[in-house]
Amino acid sequence: MWEASRRKLLIAVLVLTVVVVGATGWAFYQLRYSNGPGGGAQIGEVALRVLAAQVLIFVAFLFTAVLALMSVLVAAPSISGDVESNLALGLLARPVRRSEYVFGKWLGLAALIVLYAAGSSILELIVVDWTTGYVPPRPVELIAYVSGVGLILLTLALVLSTRLAGMAAGFIPLACYFMAWVGGILGGAGEAIGNQGLIITGLVSKLLLPTDGLWRAAVYAMEPASMVATYRAAGSAIAAVPFAATDGPPPAFLVWVAIWFVAVIGLTLWSFRRREI
Amino acid sequence: MVDLQERQAAAATAAASPAMHCVALSKRYGRTVALAGLTMTMPRGEVFGFLGPNGAGKTTAVKLLLGLVEPTGGEGWVLGKPVGDVPVRRRVGYLPELFRYQPWLSGAEVMRVHCELARLRRATWSEEVDRALRLVGLADRGRDRVRTYSKGMQQRLGLGVALLGSPELVFLDEPTSALDPIGRHDVRQIIHHLRERGTSVFLNSHLLTEVEMVCDRVAMIDQGRVIATGTLDELLSGSACRFRVTGLDPGQRASLASFGELDDDGEWIVIRGLSGERVPEVVQEIVGMGGRLYAVEPRHQTLEDRFLQLLGENGG
């Protein structure tokens, strides 16, 4: 933890977070009034709730993208940097197993990502509640799913970091993250029009990198019941929209996410154990 | 009781084992042979110089012995344990050849991280760090960030890190490469101090004069193989001595070949492979044959001479 805390990245991210939360707070406050806080009628509570939920979903999407970027930036040079600087030589000549080293890296970075995701999400939710009175129906799940996106990209960057230089180990997870997002949209479009090829594409994309699946789960956690009911009434066409969800994540998907973590962390251990340093 | 005796016997065996021993230790990277079969023994409590030209496989050998890379053949033991044994590393210190510590940490913080990694008792950390900083001459810079250190200071810090916890065996990979003459002198003093304390020091260096000044025993490698090993006396026993002689006929001069390899240019006779103890015998023989002796000049063979000679013999 102290490793990253010494870096300017964390300070920059924290300052930016406070600025962004403040700015979004102002925006959420504006939602109450049809013509700004100074004049105009106050809009109805139901409309405000739906509006607040929609804006919150967009803010959360941007926040998740920033979290993804941050996860990759801290994890990608993590092991490769130690190897390139020969820092790993000194560390691994100590009575430290490689598995301990890899787990230590993962746990430290994961704690950093989860703490940041939870802290900034709670701050944002407090601001939204304070300015609009809206509290998402499943805030704990929201934080868990958003953190999950960060953790998946962190884990992917870490496994690549055992073999690739920081730049490549960072670029690949980010490219995959955006491809998985597109894959989710294609899968949803397939469901909307009944195209099996697109449905399978979406499913494979979701299994290979479950970030979009978790994002959809986070969206569901932010939607009020009225919004969910409206989307369900709209039929299967809504599945193509990455900012709308009609259901929570199936338990089988969450089990798959757990398996994904175990498999990729296992692969990281296997890969680094065989790495000549 | 039996268990205690067995443990005591095991401890005695471990203590009696060499600091390092390897048999046909080898490493291949694809088709490239980095080490072709290293066989050598480093007794405990000695300073062991490990020499070889660039690319001979010195650093690979150190990494193999520390378990940082997997050997593709052969066996090795460090402090009585097979290479790769993790617990034995508590008793081993290591200074890598090229390294960079976290620049945002202070020197003392780097040392505290290594105290933790070396599994030292937390209560001893402060004392250990202060002692190591003093030993390497960084006592007044320990609180400064590593990014403010010169290359030489980073090298000193690395040496201090390697000596944390008073290890029984220390691997030093080119410890003086970034140091000025004062720094080199300090490192030599530290190595002498370690030897006095009974610490075994594995010194990987290409600075032959340094090695000659501090090492008890030397192994020279070339193209991944040991081409010579032994104490400095053993390795440099092929010393020469030259004599300025007149009054001997060619037959008499040639008879001096019984003392060693002879090189006669008419005025000077050079006898190679002559130990210092036999020089008076040669003088007596020359005088006994009626020769007139004007000068006797022992020519000490340096480690560098010997190293270059061996490399030449090895086709290097």
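Note that the structure is predicted; figures quoted are calculated from it, not measured. (Residues numbered from 1 in each chain as written. Chains lettered and ligands numbered in written order. Predicted model: local features only at pLDDT ≥ 70, side-chain atom pairs only at ≥ 80, totals over all residues. Heavy atoms only, no water.)

## Things to note about the domain arrangement of chain B
Alright, step 1. Taken domain by domain, chain B comprises domain 1 (19–234) and domain 2 (239–300).
Alright, step 2. With centres defined by C-alpha atoms, the gap from domain 1 of chain B to domain 2 of chain B works out at 44 Å. (Domains from an automatic or database assignment.)

## Focus on helix 10 (residues 279–288) of chain B
All names here are of chain B.
Alright, step 1. Among the residues making up helix 10, those that are buried are V279, V282 and I286. For helix 10, the buried positions fall inside an angular range of 60 degrees around the axis, keeping them on one side. Facing away from the buried side of helix 10 by more than 90 degrees, the exposed set consists of P280, Q284 and G288. (Buried < 20%, exposed > 50% of the residue type's maximum accessible area, 1.4 Å probe, protein only. Helix = DSSP H or I, 4+ residues; strand = E, 2+ residues; numbered from the N terminus. Arc of directions from axis to C-beta.)

## Describing the interface of chain B and chain A
Alright, step 1. Contact with chain B, which involves 31 residues of that partner, is made by 20 residues of chain A.
Alright, step 2. Carbon and sulfur atoms supply 57% of the area buried between chain B and chain A, which totals about 2400 Å² over both sides.
Alright, step 3. For the interface between chain B and chain A, the tally reads 2 salt bridges.
Alright, step 4. Where E100 of chain A meets R119 of chain B, a salt bridge forms, and the shortest distance between an N and an O atom there is 3.1 Å.
Alright, step 5. Here chain B is connected to chain A by 11 residue pairs in polar contact (both at pLDDT 80 or more). (Contact = heavy atoms within 4.5 Å. Buried area = accessible area lost by both parts, 1.4 Å probe. Salt bridge = Lys/Arg side-chain N within 4 Å of Asp/Glu carboxyl O. Polar contact = N/O pair within 3.5 Å; in protein donor to acceptor, adjacent residues only side chain to side chain.)

## Some details on the sheet that holds strand 1 (residues 20–29) of chain B
Residues and elements named next belong to chain B.
Alright, step 1. Read across the open sheet, the 4 strands follow the order 2-1-4-5; overall the sheet is antiparallel. If you trace the sheet from one side to the other, it starts and ends with strand 2 (32–42) and strand 5 (81–82), each paired once.
Alright, step 2. Examined bridge by bridge, strand 4 (residues 73–78) and strand 5 share 2 bridges and lie antiparallel to one another. Each residue of the ladder has a partner; that of V78, found in strand 5, is K81.
Alright, step 3. Lying over the sheet, helix 2 (residues 58–65) contacts strand 1, strand 2 and strand 4, oriented at roughly 115 degrees with respect to strand 1. (Pairing = 2+ DSSP bridges. Axes fitted to C-alpha atoms, helices over the stretch in contact; angles between N-to-C directions.)

## A word on the packing of helix 3 (residues 45–84) of chain A against helix 7 (residues 166–193) of chain A
Residue and element names in this part refer to chain A.
Alright, step 1. Orientation of helix 3 relative to helix 7, taken along the N-to-C sense of each, is 150 degrees, at an axis distance of 7 Å. Compared by their axis directions, helix 3 and helix 7 come out roughly antiparallel. Read as a crossing pair, helix 3 and helix 7 show a hand that is right-handed. Residues F61, T64, A65, A68, L69, V72, A76, P77, S80 and E84 of helix 3 form the contact with helix 7, whose own contacting residues are G166, A169, G170, P173, L174, Y177 and W181.
Alright, step 2. Considered class by class, the residues forming the contact of helix 3 with helix 7 number 12 nonpolar, 4 polar and 1 charged. (Parallel < 35°, antiparallel > 145°, perpendicular 65-115°, else oblique. Left-handed = near helix turned anticlockwise from the far one by under 90°. Nonpolar A, V, L, I, M, F, W, Y, C, P; charged D, E, K, R; others polar.)

## Quick notes on the side chain of S121 of chain A
All names here are of chain A.
Alright, step 1. With respect to the helices and strands, the residue S121 is situated in helix 5 (residues 98–132).
Alright, step 2. In this structure S121 comes out as buried when scored by relative accessible area, which is 11%.
Alright, step 3. A polar contact of 2.6 Å, which involves the side chain of S121, links it to the backbone oxygen of A117.
Alright, step 4. In this structure S121 touches F63 and I143, once residues within four positions along its chain are discounted.

## Focus on the packing of helix 5 of chain A against helix 6 (residues 139–161) of chain A
All names here are of chain A.
Alright, step 1. It is the contact of helix 5 with helix 6, at a shortest axis distance of 9 Å, that shows an interaxial angle of 145 degrees. Considering the relative orientation of helix 5 and helix 6, their crossing is right-handed. Together, V102, K105, W106, L109, A110, I113, V114, A117, A118, S121, I122 and L125 of helix 5 and P139, L142, I143, S147, G150, L151, L154, T155 and L158 of helix 6 make up the contact between the two elements.
Alright, step 2. For the contact of helix 5 with helix 6, the class distribution of residues is 16 nonpolar, 4 polar and 1 charged.

## Some details on unusual backbone geometry
Alright, step 1. Phi at A24 of chain B is positive, roughly 55 degrees, even though this residue is not glycine.
Alright, step 2. Tracing the backbone through its elements, the reader meets A24 of chain B in strand 1.

## Digging into the sheet that holds strand 8 (residues 200–204) of chain B
Residue and element names in this part refer to chain B.
Alright, step 1. In space, the 6 strands of this open sheet follow the order 6-7-8-3-9-10, with mixed pairing throughout. At either end of the open sheet lies a strand with only one pairing partner, and these are strand 6 (92–95) and strand 10 (225–231). Each strand axis lies, on average, 15 degrees off the axis of its neighbour in the sheet, ignoring direction.
Alright, step 2. Relative to strand 8, strand 7 (residues 169–173) is paired through 5 bridges, and the arrangement is parallel. Following the sheet pairing, L169 is matched in strand 8 by S200.
Alright, step 3. Packing against the sheet, helix 5 (residues 151–162) makes contact with strand 6 and strand 7, and its axis sits at approximately 170 degrees to strand 6.
Alright, step 4. Sheet strands touched by helix 6 (residues 181–196): strand 3 (47–51), strand 7 and strand 8. Its angle to strand 8, the strand with the most contacts, is close to 150 degrees.

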